[in-house]
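As a plain string of letters, each chain reads:
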Amino acid sequence: MRLQFLFFKFTSKHETKFFAAKSLTVIYMSESAIKIQNLNKKFEDKLAVENLNLEVAKGELFGLLGPNGAGKTTTINILCGLIKPTSGTVQIHGFDVQNDTQKVKELIGVCIQETAIYPYLSGKENLELFGKLYGMNKKAIKERSNLLLNKMGLADDAKRVTAKYSGGMKRRLSLALAFIHDPQIAFLDEPTVAMDPQSRHAVWDFIKEQKNKGKTIVLTTHYMEEAQELCDRVGIIDHGKLIALGVPSELIAKNHVKNLEEVFIQLTGRNIREEL
Ligand SMILES: Nc1ncnc2c1ncn2[C@@H]1O[C@H](COP(=O)(O)OP(=O)(O)O)[C@@H](O)[C@H]1O
Ligand SMILES: [Mg+2]
């Protein structure tokens, strides 16, 4: 569809104006990495996501914040095509997550909340397996695995079976797996849960590095300082609803408070930490 517009623009000289206008639409669309429209997810009688409308720009580092049960994981799982919405649509680089699954898979990397790694394989073997699933060649898999194992501080443990890894190490390996094919967009659900402060800072550095390379990242967190440190923009969700959206410093200033944690209190009358 989009290519057709561009094609016409270059071949049909008589209608330059009309087609130039169309091509502007194309450019605008392609700037948005993720477009969520009227998204709802109902589990039996529980509305986990309620009428979510949101766009994330290419190259943006976006944080979804909220207490336990707010709907963060449900939203992320819909965005990456793991579960179906009850209604509404999600587009990734203009491709529909429900209908253009192959295209979307090529574009995204996912680190889900329930760490999904093979316990009887080593860290290195897990990375090799994922690399093969993405159709990467041996050389690329080796280079990329070595780089990611180093970045995640797992180089010394690369050959140990992951069943013996600590929770934090499993989490770091999950992150490495999400990035094995160098995706344009990464969805990271609570990326630093169960990590010691040193690992957490290493992961923050890695995420910032990905952003500096122009990647789009959506992460969820209930660590407000993590969101403040990393995110260009945040969306705060509570009971499945987006209750605030913006640049962290602007949300803080607008609510006349000192940090994002206080923004949540200001908006809900509750402390996000009481609910963890
Ligand atoms: N598979 C499911 N079946 C029924 N309810 C679910 C399911 N997954 C999530 N929920 C409910 O949806 C709400 C949002 O959950 P979730 O997205 O996991 O929140 P968060 O990640 O913000 O902690 C919660 O009330 C949760 O109990
Ligand atoms: Mg969750």
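From a predicted model like this one, the values you see are computed outputs, not experimental measurements.

1. Focus: the sheet that holds strand 10 (residues 241-246)
Next, step 1: One open sheet holds the six strands; their spatial order is 6-7-8-3-9-10, and the pairing between them is mixed. Every other strand in the sheet has two partners, leaving strand 6 (108-111) and strand 10 as the edge strands with one partner each. Adjacent strand axes in the sheet meet at a mean angle of 15°, parallel and antiparallel pairs treated alike.
Next, step 2: The strands touched by helix 7 (residues 167-178) are strand 6 and strand 7 (185-189); relative to strand 6, the strand with the most contacts, the crossing angle is about 170°.

2. Regarding helix 5 (residues 123-133)
Next, step 1: Turning to helix 5, its buried residues number three or more, namely Gly123, Lys124, Asn126, Leu127, Phe130 and Gly131. Down the axis of helix 5, the buried set is contained in an arc of 160°. They therefore lie on one face.
Next, step 2: As for helix 5, its buried residues are in contact with helix 6 (138-151) and helix 7.
Next, step 3: Positive backbone phi, approximately 75°, marks Gly135, located one or two places after helix 5.

3. Concerning the packing of helix 5 against helix 6
Next, step 1: Between helix 5 and helix 6, the least distance of the axes is 10 Å, while the angle of their chain directions is 135°. By the criterion of interaxial angle, the relationship of helix 5 to helix 6 is oblique. As for how helix 5 packs across helix 6, the hand of that crossing is right-handed. Facing Gly123, Lys124, Leu127, Glu128 and Gly131 of helix 5, the residues of helix 6 in contact are Ile141, Arg144, Ser145, Leu148 and Leu149.

4. Regarding the environment of Ile207
Next, step 1: Following the sequence through the fold, Ile207 ends up in helix 8 (residues 197-212).
Next, step 2: When neighbours within four sequence positions are excluded, Ile207 is seen to be in contact with Ile217 and Leu230.

5. A short note on unusual backbone geometry
Next, step 1: Even without a glycine there, the phi angle at Asp182 is positive, about 55°.
Next, step 2: Along the chain, Asp182 turns up in the loop between helix 7 and strand 7.
Next, step 3: One non-glycine residue with positive phi stands out, namely His239, at about 50°.
Next, step 4: Relative to the assigned elements, His239 resides in the loop between strand 9 (233-238) and strand 10.

6. Description of the confidence of the model for the chain
Next, step 1: Summarising the model, the chain shows a mean pLDDT of 88, and 88% of its residues fall at 70 or more.
Next, step 2: Of all the helices and strands in the chain, helix 1 (residues 2-11) carries the lowest mean pLDDT, 37, while strand 4 (residues 87-92) carries the highest, 98.
Next, step 3: Segment residues 1-30 is flagged for pLDDT under 50; beyond a separation of four residues in sequence, or across chains, it makes 16 contacts in the model.

7. Brief notes about the environment of Asn40
Next, step 1: By secondary structure assignment, the location of Asn40 is in strand 1 (residues 32-43).
Next, step 2: Along the chain, Asn40 and Glu50 lie ten residues apart, while their C-alpha atoms are 4.9 Å from each other.
Next, step 3: Setting aside residues no more than four positions away along its own chain, Asn40 makes contact with Leu47, Val49, Glu50, Asn51, Pro85, Thr86, Ser87 and Gly88.

8. A closer look at the nonpolar core
Next, step 1: If you look at the biggest cluster of nonpolar residues, it comprises 63 residues, and the most contacted ones within it are Leu79, Ala176, Phe187 and Val218.
Next, step 2: Here the element with the most residues in this core is helix 7; it accounts for six residues.

9. Describing the sheet that holds strand 4
Next, step 1: The four strands are arranged 2-1-4-5 in an open sheet whose pairing can be described as antiparallel. Both edges of this open sheet fall to strand 2 (46-57) and strand 5 (95-96), since each of them pairs with a single strand only.
Next, step 2: Where strand 4 meets strand 5, two bridges bridge the pair, whose relative direction is antiparallel. Note on strand 5: the bridge partner recorded for Ile92 is Phe95.

Conventions used here
- Residues numbered from 1 in each chain as written.
- Chains lettered and ligands numbered in written order.
- Predicted model: local features only at pLDDT ≥ 70, side-chain atom pairs only at ≥ 80, totals over all residues.
- Pairing = 2+ DSSP bridges.
- Helix = DSSP H or I, 4+ residues; strand = E, 2+ residues; numbered from the N terminus.
- Axes fitted to C-alpha atoms, helices over the stretch in contact; angles between N-to-C directions.
- Contact = placed C-beta atoms within 7 Å.
- Buried ≥ 20, exposed ≤ 12 C-beta atoms within 10 Å, placed from the backbone.
- Arc of directions from axis to C-beta.
- Parallel < 35°, antiparallel > 145°, perpendicular 65-115°, else oblique.
- Left-handed = near helix turned anticlockwise from the far one by under 90°.
- pLDDT = per-residue confidence, 0-100.
- Core = buried A, V, L, I, M, F, W, Y, C linked by C-beta atoms within 7 Å.

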